[in-house]
Amino acid sequence: MLLQTQNYEDYKYVMVDTGNIYLGAKYSYEELLANEDVPFKIRTIVERYIMPQTDRETTLESDFYYLTPDSLSYRTYRQLKVKVRCSRIVEKRKLFSGGKKGKRYVTELIGLEEFTAMSPAQKQAQGIVVQEIVVNKLAMVVFTV
């Protein structure tokens, strides 16, 4: 049981570089708001624009998986130029005549528009797992709260 909890916690992180802020997708909005490592402006944006229509226990992973283009959350995240890092199951290519075919996970960064264009059923069929939310720092700076 400890191993499962530890793996779950591995996807709760905040990293910052010169251009982006990376948020682990297993954070619930409540945990995100309580975490002092999350930049104040991100917490304020979540509190004012996302929380009025979202349950506090909802994880980023779940919210993004079911996000639709007609929601305020989508419009807010679009203004922040958010991208979604996810894993997807793909068929292995046969490298040589003796090689075996199979499936493997590929990690990719997908723009919000492309990600929300897929229905939850399509995401499930492709085996998509949301790992990380990437927020553009410049877009965050110009976002008026």
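Everything that follows concerns the structure shown earlier in this document.
Residues numbered from 1 in each chain as written. Predicted model: local features only at pLDDT ≥ 70, side-chain atom pairs only at ≥ 80, totals over all residues. Heavy atoms only, no water.

Enquirer: Account for empty space enclosed by the protein, naming residues and giving values.
Expert: Summed over the entire model, instances satisfying the criterion amount to 1 cavity of 30 Å³ or more. Each pocket or cavity is described by its volume, and for the largest cavity that value is around 70 Å³. In terms of lining residues, the largest cavity is bounded by Leu 23, Tyr 29, Leu 32, Ile 42, Ile 45, Val 46, Leu 60, Phe 64, Tyr 77, Leu 80, Ile 133 and Val 135. Elements with a minimum of two residues in the lining of the largest cavity: α2 (29–34), α3 (40–50), α4 (60–65) and β5 (129–136). Of the residues forming the lining of the largest cavity, the biggest block, 3 residues, is contributed by α3. Taken together, the residues of the lining of the largest cavity break down into 12 nonpolar, no polar and no charged. (1 Å grid on protein atoms, 1.4 Å probe; cavity = no way out; pocket = protein on both sides within 12 Å on 5 of 7 lines; lining within 4 Å. Points joined across faces, edges and corners; volume = space filled by probe spheres on them. Helix = DSSP H or I, 4+ residues; strand = E, 2+ residues; numbered from the N terminus. Nonpolar A, V, L, I, M, F, W, Y, C, P; charged D, E, K, R; others polar.)

Enquirer: Could you give an account of the environment of Pro 120, naming the residues involved and the relevant values?
Expert: Relative to the helices and strands, Pro 120 resides in helix α7 (residues 120–125). Taking the C-alpha atoms as reference points, Pro 120 and Tyr 65, separated by 55 residues in sequence, lie 6.4 Å from one another. Those residues in contact with Pro 120, other than ones at most four positions away along the chain, are Tyr 65 and Tyr 66. (Contact = heavy atoms within 4.5 Å.)

Enquirer: Account for the sheet that holds β5, naming residues and giving values.
Expert: The strand order across the open sheet formed by 5 strands is β1-β2-β5-β3-β4, and the pairing between neighbours is antiparallel. The open sheet has two free edges, formed respectively by β1 (14–16) and β4 (103–111), since each of these has just one partner strand. Averaged over all adjacent pairs, the angle separating strand axes in this sheet is 25°, with direction ignored. Pairing analysis gives 5 bridges linking strand β2 (residues 20–24) to β5, with the strands arranged antiparallel. (Pairing = 2+ DSSP bridges. Axes fitted to C-alpha atoms, helices over the stretch in contact; angles between N-to-C directions.)

Enquirer: Before we move on, could you go through the packing of aromatic side chains and cite the residues and values that matter?
Expert: Aromatic rings in a pair are described by how distant their centres are and how their planes are angled relative to each other. Scanning the model with the defined rule gives 3 aromatic pairs in all. With centroids separated by 5.4 Å and ring planes inclined at 85°, the aromatic side chains of Tyr 49 and Phe 143 adopt a geometry described as edge-to-face. Of this pair, Tyr 49 sits in helix α3 while Phe 143 sits in the segment after α8 (137–142), and the two are 94 residues apart along the sequence. The buried category is assigned to Phe 143, whose relative accessible area is 11%. Their ring planes at 40° and their centres at 4.6 Å tell us that Phe 64 and Tyr 77 sit as a pair that is tilted. With a gap of 13 residues between them, Phe 64 in helix α4 and Tyr 77 in helix α5 (residues 72–79) connect regions that are remote in the sequence. A relative accessible area of 0% means that Phe 64 is categorised as buried. Take Tyr 77: its relative accessible area is 6%, and that puts it in the buried class. (Phe/Tyr/Trp six-rings, centres within 6.5 Å; stacked < 30°, edge-to-face > 60°. Buried < 20%, exposed > 50% of the residue type's maximum accessible area, 1.4 Å probe, protein only.)

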